[in-house]
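Observations on the three-dimensional arrangement
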Amino acid sequence: MQQTIRKQRVAAIDVLRGLTIALMILVNTPGSWSYVYPPFLHADWSGATPTDMVFPFFLFIVGAAMFYSLSSARESGLIPWAKICKRAVLLFLIGLFLNILPFDTAPENVRILGVLQRIAICYFIGAILILTLNTRQLVIASVGILLGYWLVMTLGSDNPYALESNLVRQIDLAILGASHLWKGKGLAFDPEGLLSSLPATVTLLSGYLSTWWLAQTPEPMQQIKKLLTAAVPLIVLALIWHQWHPINKSLWTGSFVMLTAGVAMCVLAVIIWAWELMGVRRGLEFFRIYGSNPLVVYVCSGLIAITLGEVLTAEYQGKTTSMYHYCFQLLNQFMAPKNASLLFALIVVSVLYLLARFLDHKKWFVKL
């Protein structure tokens, strides 16, 4: 029998959602990938940069939202299979649709996986675990998944964490085929692979469990203490585990899960401190609004990048170029390339904020 949970909403989680979406768009849409400040780039392989925190924060927030959306089902003990499957399938298909745009790739070469597809897979697995296990069992399951992933990663390979030989890649090649994988590192390898979606689900569960803990403690200072009490050991253990199980976003290793979950809890604690104790709400309201329609804003960011980069063209110095490159070059005339690239991304973030603000003002919220 599932235990009853209290649905006390934590405003700081809405702020963290908006901060995460804004940062995701900022790092995904530089004016030129040739001119990006290092903190806005992912680690080339093992290790972590601030940018590597963004997607885990996204999954953390998805898990936090599931605390509220699935609480009634937990209390009743009835699993809403149709609702869960519908959300997962729609998220996956929307992500696949963005991969297909602008319809110039042959079907046999379309990338199948991606950011929204990973969220869909993690949501589906996470929802089943949340609705069938109690809180203590969720913690045990999370530990079991991370240790199990560590074990299977080391089986059958002399170099289990190499780009070419890791098990995540081998499974994706066997199931999906090389032509349907991302090739951004020079060979077929998908950073949103099937096997690595299991530890990524633990990232989602960390958001759910954090929100569960916060809902039991309405006093802000106690919430902060709870978060930091969990976060600090997670970060320390992640850094220790890194020696044997490297922190790696592309493989979503267990050490990466623990590090990013700990950092997410620390950031959430800071937001609670600023929002609840210091009363710094005017500036943070920007992020609350930004996160009010996360799916719409994220999809629109992808549509902007695709439209400017692959559909619209312009003449620049006597040659036809993409509108994306043209806009960057206009900014580059007035400032250094890296500053122009960053300003381009900030403009995209600002335009999408106006969209989010309009939708929030109209009380139009798109949910699957």
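Turning our eyes to something else, we now look at the state of the cysteines. Throughout this description, disulfide means a covalent bond between two cysteine sulfur atoms. Taken as a whole, this structure holds 0 disulfides when the rule is applied. Left unpaired, cysteine 300 is separated from the closest cysteine sulfur, that of cysteine 327, by 17 Å. In this structure cysteine 300 comes out as partly exposed when scored by relative accessible area, which is 23%.

Here we come to the pairing of strand 1 (residues 313-316). Residues Ala314 and Tyr316 point to one face of strand 1 and are all buried, whereas Thr313 and Glu315, pointing to the other face, are not buried. Pairing between strand 1 and strand 2 (residues 319-322): 4 bridges, direction antiparallel. Counted as the bridge partner of tyrosine 316 is lysine 319 from strand 2. Here strand 1 folds back onto strand 2, and the loop between the two strands holds 2 residues, one of which, glutamine 317, carries a positive phi near 50°.

Turning next to the confidence of the model for the chain. Confidence in the prediction for the chain averages 93 pLDDT; 97% of positions are at 70 or higher. Of all helices and strands in the chain, the one with the weakest mean pLDDT is helix 3 (residues 71-76) (80), whereas helix 6 (residues 135-153) scores best (97). Within the model, the stretch residues 1-5 combines pLDDT values under 50 with 17 contacts to residues more than four positions away or in other chains.

What follows covers the layout of surface pockets. A volume near 1,600 Å³ is recorded for the largest pocket. Taken together, 50 residues make up the lining of the largest pocket; nearest its centre are Asn28, Trp33, Arg111, Val115 and Trp182. Within the residue set of the lining of the largest pocket, elements represented by two or more residues are helix 1 (11-28), helix 2 (54-69), helix 4 (81-100), helix 5 (115-132), helix 12 (294-311) and helix 13 (323-332). Of all the elements, helix 12 adds the most residues to the lining of the largest pocket, at 7 residues. Tallied by class, the residues present in the lining of the largest pocket amount to 24 nonpolar, 18 polar and 8 charged. Approximately 920 Å³ is the volume attributed to the second largest pocket. Contributing to the lining of the second largest pocket are 26 residues, with Arg17, Ala65, Pro294, Val366 and Lys367 lying nearest its centre. Elements that contribute at least two residues to the lining of the second largest pocket include exactly helix 1, helix 2, helix 4, helix 5 and helix 12. Counting residues per element, the lining of the second largest pocket draws most heavily on helix 2, at 7 residues. For the lining of the second largest pocket, the per-class residue count stands at 15 nonpolar, 3 polar and 8 charged.

Reading the values: rules and limits
Residues numbered from 1 in each chain as written. Predicted model: local features only at pLDDT ≥ 70, side-chain atom pairs only at ≥ 80, totals over all residues. Heavy atoms only, no water. Disulfide = S-S within 2.5 Å. Buried < 20%, exposed > 50% of the residue type's maximum accessible area, 1.4 Å probe, protein only. Helix = DSSP H or I, 4+ residues; strand = E, 2+ residues; numbered from the N terminus. Pairing = 2+ DSSP bridges. pLDDT = per-residue confidence, 0-100. Contact = heavy atoms within 4.5 Å. 1 Å grid on protein atoms, 1.4 Å probe; cavity = no way out; pocket = protein on both sides within 12 Å on 5 of 7 lines; lining within 4 Å. Points joined across faces, edges and corners; volume = space filled by probe spheres on them. Nonpolar A, V, L, I, M, F, W, Y, C, P; charged D, E, K, R; others polar.

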